Amino acid sequence: MNVSDFDMITRILRERSGLVLSKDKAYLIESRLNPVARKWQFKNFDDLASALRLGNDEKLLRDVTEAMTTNESFFFRDSKPFDQFKAIVLPHLINARASKRSFRIWSAACSSGQEPYSLAMILKEAGASLSGWRIEIVATDLSTEILQKAQEGAYSQFEVQRGLPIEYLVKYFKQEGERWMIDPSIRQMVTYKTFNLLEDPMALGTFDVVFLRNVLIYFDQPTKSQVLAGIARNMPADGFLYLGGAETVLGISDSFQLIPGQRGIYGLIPSGAAAAKSAVG
Amino acid sequence: MKTCLVVDDSRVVRMVARKILEGLSMKVVEAEDGQQALDRCDESMPDAVLLDWNMPVMSGIEFLRALRSKADVTQPIVVFCTTENDMAHIQEAISSGANEYIMKPFDSEIIESKFSQVGLL
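Just so we're clear, the structure is a prediction, and the values are computed from it rather than from any experiment.

## Let's talk about the environment of Asp 254 of chain A
Residues and elements named next belong to chain A. Mapped onto the fold, Asp 254 is located in the loop between strand S8 (240–243) and strand S9 (256–258). A residue is classified by how much of its surface remains accessible, and Asp 254, at 54% relative accessible area, is exposed. In this structure, the C-alpha to C-alpha distance between Asp 254 and Asp 78, residues 176 residues apart in sequence, is 26 Å.

What follows is the structure in structure tokens.
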């Protein structure tokens, strides 16, 4: 790929999704976009680049953006965040929301659905302690294609063996030929929506818990700040934000601080939250 | 260092599993069938068993039942690793005392993921 094509494609990706790619990721662009070139029946990558340069085919631009922003996922990824959810977040919500008996969780950039379904299984396991509660899990992604897969809840043998405890496979999946289908009772707990993280999340409503794991790493500094400010504005004072193990809010947001002793979980700083709210008037 | 007994009648599978498990800092002992595996356990009980289902002499499920019936021993974690990939086999394995279940083919990521889940890593 020549420099001019690289610059053109990275500009498209940055503008449309916030994804920032350095020059050493040129190989990633080619490996992800070659299948798109084939699907669109271009002779080669150069022809795809020429079509992109015209910039007038919205569907092609969307396909390219989705191919570059779709990332692999697996059930109970990294396990610790889900242990913390069970041990700290859920007991807090059960106690703090006892009067209204409801809370909302956002799984942002949910890819093929393993994260929201992992949360749904945990909530299902909580059983009686959440009986009569109204709990919403909203899962979003930029890619409509990946959301269709998530919504279908069909996984390969390989996918159900990465992170999913065997007793959950037995309890919450049904085998259909080569595929493992998630139980409708779990599937119905998750609402999927197409959403671009560059947009204001106000449209999605407020969330008590936000899972934004391994997403910020793809954004530049101003975009990271913008995304976190949006989340802070739409979160109650005792809300929880999950980031990936290698991510931080340091230098990006004055709204969140690490919950002491809980790697990867952040809470709102009262003054920061106030500042964020006043910034939008 | 934790010890894992790899039980499989295929030398190739044992070799691949050994390589993966040694990469996860485990000591590996091998057995070719369920009976040999029981003998190994009598000599020295491992921390974990990676267990095939279909083997000559004694199958994996027969080995597991015999192992779980042993009293006064520290029971190892047992992870099935088999081509039997239907729900009926999985349920039978769990009800017989398996802790986890891997459907072949497997790779290092699946072994690592399953071994972490059961607290071996």
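## Brief notes about the interface of chain B and chain A
Facing 19 residues of chain B, the contacting portion of chain A comprises 14 residues. The contact between chain B and chain A buries some 1400 Å² in all, and 56% of this surface belongs to carbon and sulfur atoms. Contact with chain A buries surface across chain B, with Met 87, Met 103 and Ile 110 of chain B losing the most and accounting together for 36% of the total. Applying the counting criterion to the chain B and chain A interface returns one salt bridge. One salt bridge connects Glu 109 of chain B with Arg 162 of chain A, and the closest N-O pair in it is separated by 2.1 Å. Linking chain B to chain A there are eleven residue pairs in polar contact (both at pLDDT 80 or more). Top contributing element to the side of chain B that touches chain A by residue count: helix H5 (residues 108–117) of chain B, with five residues. Residues of the side of chain B that touches chain A, tallied by class, amount to eight nonpolar, five polar and six charged.

## Some remarks on the sheet that holds strand S3 (residues 48–51) of chain B
What holds strands together in a sheet is hydrogen bonding between their backbones, with the strands either parallel or antiparallel. Residues and elements named next belong to chain B. Spatially, S2-S1-S3-S4-S5 is the arrangement adopted by the five strands of the open sheet, whose pairing is parallel. With one partner strand each, in any of the chains shown, strand S2 (27–31) and strand S5 (100–103) form the two edges of the open sheet. Averaged over neighbouring strand pairs, the angle between their axes works out to 20 degrees when direction is ignored. Sheet topology note: the strand S1 (residues 3–7)/S2 ladder contains five bridges and is parallel. Counterpart to Thr 3 in the pairing with S2 is Lys 27.

## Overview of a nonpolar patch on the surface
All names here are of chain B. On the surface, Val 12, Met 15 and Val 16 cluster together into a nonpolar patch covering about 260 Å² of accessible area. Note on placement: Val 16 falls in helix H1 (residues 11–23). Exposure remark for Val 16: the relative accessible area of 35% places this residue in the partly exposed category.

## Describing the packing of aromatic side chains
Residues and elements named next belong to chain A. Under the definition given, this model contains 16 aromatic pairs over all chains. Ring geometry for Tyr 155 against Phe 173: centres 6.5 Å apart, planes inclined by 70 degrees, an arrangement best described as edge-to-face. Here Tyr 155 is found in strand S3 (residues 154–155), whereas its partner Phe 173 is found in strand S4 (residues 173–176), with 18 residues between them in sequence. On the basis of relative accessible area, Tyr 155 is assigned to the buried category, the value being 1%. Taking the centre distance of 5.8 Å and the plane angle of 75 degrees together, the rings of Tyr 168 and Tyr 172 count as edge-to-face. Residue Tyr 168 and its partner Tyr 172 are located together in helix H8 (residues 166–172), separated by four residues, close to a single helical turn. Take Tyr 168 and Tyr 172: they sit in the same class, and that class is buried. Here the aromatic cluster, defined as three or more aromatic residues joined through ring pairs, consists of Phe 76, Phe 82, Phe 85, Tyr 168, Tyr 172, Phe 211 and Tyr 242.

What counts and what doesn't
Each residue is numbered by its place in its chain's sequence as written, counting from 1. Chain labels run from A onward and ligand labels from 1 onward, assigned in the order the entries are written. Totals for whole chains, interfaces and linings use every residue, but because this is a predicted model, local features are given only for residues with pLDDT of at least 70 and side-chain atom pairs only at 80 or more, for both listing and counting. Only hydrogens and water are set aside when side-chain values are computed; all heavy atoms of the structure are taken into account. Secondary structure follows DSSP: runs of H or I at least 4 residues long count as helices, runs of E at least 2 residues long count as strands, and numbering of each begins at the N terminus. When accessible area is computed with a 1.4 Å probe and restricted to protein chains, residues below 20% of their type maximum are described as buried, those above 50% as exposed, and intermediate ones as partly exposed. Between two residues, a contact is recorded if the distance between any of their heavy atoms is within 4.5 Å. Buried surface area refers to the total accessible area, computed with a probe of radius 1.4 Å, that the two partners give up upon joining, counted for both partners together. Each salt bridge in this description consists of a side-chain nitrogen of Lys or Arg and a carboxyl oxygen of Asp or Glu lying within 4 Å of one another. Any pair of nitrogen or oxygen atoms within 3.5 Å is treated as a polar contact; in protein, a donor-acceptor pairing is required on top of that, and neighbouring residues in sequence qualify only through side-chain atoms on both sides. For this scheme, ten residues count as nonpolar: Ala, Val, Leu, Ile, Met, Phe, Trp, Tyr, Cys and Pro. Four count as charged, namely Asp, Glu, Lys and Arg, and the remainder, Gly too, count as polar. The criterion for strand pairing is that DSSP finds at least two bridges linking the strands in question. Fitted lines through C-alpha atoms serve as axes, helices being fitted only where they are in contact, and the angles separating the N-to-C directions of these axes extend from 0 to 180 degrees. Think of a patch as exposed residues, more than 30% relative accessible area, with no salt bridge, where like charges cluster within 9 Å and nonpolar side chains (Val, Leu, Ile, Met, Phe, Trp, Tyr) cluster within 5 Å. Accessible surface area values rest on a Shrake-Rupley calculation with a 1.4 Å probe, where residue burial reflects the displayed protein chains alone. Between rings of Phe, Tyr and Trp, where Trp is taken as its six-membered ring, a pair exists when centres lie within 6.5 Å; planes separated by under 30 degrees are stacked, by over 60 edge-to-face, and by other angles tilted.

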